[in-house]
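# Examining the three-dimensional arrangement
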Amino acid sequence: MSGIEARDLSFSYGTKQALSAVSFDVAAGEFCALLGPNGAGKSTLFSLLTRLFTAPQGSIKIAGADLATRPRAALAQMGVVFQQTTLDLDLSVRRNLSYFAALQGIGGKDAARRIDAALDQLNMRERADEKARNLNGGHRRRAEIARALIHDPKVLLLDEPTVGLDVAARQGLVAHVHALAEAGLCVLWATHLTDEVRAEDRLIMLDQGRILKNGMAGDIAAGRPLTQVFLELTGAAQDAGVAL
Ligand SMILES: Nc1ncnc2c1ncn2[C@@H]1O[C@H](COP(=O)(O)OP(=O)(O)OP(=O)(O)O)[C@@H](O)[C@H]1O
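Residues numbered from 1 in each chain as written. Predicted model: local features only at pLDDT ≥ 70, side-chain atom pairs only at ≥ 80, totals over all residues.

## Section: the overall build of the protein
Helix and strand counts for the protein come out as nine helices and 10 strands. Its C-alpha atoms give the protein a radius of gyration of 18 Å, near enough to 18 Å, the size a compact globule of 244 residues would have. Taken across its 244 residues, the protein has 39% of its residues classed as buried. Contacts spanning at least 24 positions in sequence make up 67% of the contacts within the protein whose residues lie at least 6 apart. (Helix = DSSP H or I, 4+ residues; strand = E, 2+ residues; numbered from the N terminus. Rg over C-alpha atoms; globule rule 2.2 N^0.38 Å. Buried ≥ 20, exposed ≤ 12 C-beta atoms within 10 Å, placed from the backbone. Contact = placed C-beta atoms within 7 Å.)

Shown next as structure tokens:
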């Protein structure tokens, strides 16, 4: 399998159980929304998938490579966009990308070709020579996604990448990343916003460290507004004192 295979993942912070027996697959060419309210366990799951934390039990395969026993091979197939921006704001977009390429052992003409290709995929080539500081939030995010694609990964992980963006920039980013999945990439997109999920996406609904639903978003919504289904299933509306 060329995407993500996660089996029986659990994780605790001391006595606080953040994930319980989480298993799922995301295939190549799939856009999978990982939807969960605050505290659901999305960031913890990302930390396990990116090997920031070691899973005490269960297993993770990235493009067929086991993260525990073949970490280099697994991480080489992974592009990651973290919740907090990690661009150097004083450098141009191109320079940010070329530093990342150098870290991956990619240089010279090969790096230049890959950087142009990645920027084209995000429609960012025209901005290549602008300082990251001068870009708006949406363009900074697109530059970060381009950077995550330079080494040509098979899997792209994004942890709530639209936080702080206005509606137009959010929609633009969602559309760009869907296009990447349509081109064959396996995408895992963590969010707590139901309007970022399309009916044809895979949807994994996470709450209190457990998977509540895993299937096609349209099937899970079953003709009802996804927001309402999500609020009912997670009990979030009740917690917030909102009548549905
Ligand atoms: N360092 C930590 N120490 C103790 N508990 C933690 C720690 N980090 C997270 N938790 C708890 O683990 C659970 C899962 O948190 P996590 O950050 O993974 O959720 P999340 O879905 O990413 O939430 P958000 O959308 O708010 O970022 C929560 O109950 C959280 O309070």
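## As for the pairing of strand β9 (residues 202–207)
Here β9 lies mainly inside the structure; five of its six residues are buried. As defined by bridge partners, strand β3 (residues 31–35) adjoins β9 across four bridges and the pair is classed as parallel. Looking at β9, one finds that C32 is bridged to R202. Relative to strand β10 (residues 210–216), β9 runs antiparallel, the two being bridged by six bridges. Residue pairing across strands places L203 opposite G215, the latter belonging to β10. As consecutive antiparallel partners, β9 and β10 are separated by two residues, and within that stretch Q208 has a phi angle of approximately 50 degrees, a positive value. (Pairing = 2+ DSSP bridges.)

## Regarding the sheet that holds strand β5 (residues 65–66)
Strand order across the open sheet formed by four strands is β2-β1-β4-β5, with antiparallel pairing between neighbours. The open sheet has two edge strands, β2 (16–26) and β5, and neither has a second partner. By the bridge criterion, two bridges tie strand β4 (residues 57–62) to β5 in an arrangement that is antiparallel. Bridging across to β5, K61 finds its partner in D66. Its contacts with the sheet put helix α1 (residues 42–49) on β1 (4–13), β2 and β4, and the angle it makes with β2 is roughly 65 degrees. (Axes fitted to C-alpha atoms, helices over the stretch in contact; angles between N-to-C directions.)

## Here we look at the environment of A101
Structurally, the position occupied by A101 is in helix α3 (residues 93–103). Contact partners of A101, with chain neighbours within four places excluded, come to I106, G107, A111, R114, I115 and I150.

## Let's talk about the UniProt feature "domain: ABC transporter" (unreviewed entry) in the protein
Mapped onto the present numbering, the UniProt feature "domain: ABC transporter" (unreviewed entry) falls on residues 4–233. End C-alpha atoms of residues 4–233 are separated by 25 Å, and the span's content is 35% helix alongside 27% strand. (UniProt positions renumbered as here; feature names shortened; annotations may be inferred.)

## Examining the site of the ligand
Surveying the vicinity of the ligand reveals the residues Y13, K16, A18, G36, N38, G39, A40, G41, K42, S43, T44 and H192. When contributions to the shell around the ligand are tallied by element, the ones reaching two or more residues are β2 and α1. The greatest single-element share of the shell around the ligand, amounting to three residues, is contributed by α1. Residue composition of the shell around the ligand, grouped by class: three nonpolar, seven polar and two charged. (Near = placed C-beta within 6 Å. Nonpolar A, V, L, I, M, F, W, Y, C, P; charged D, E, K, R; others polar.)

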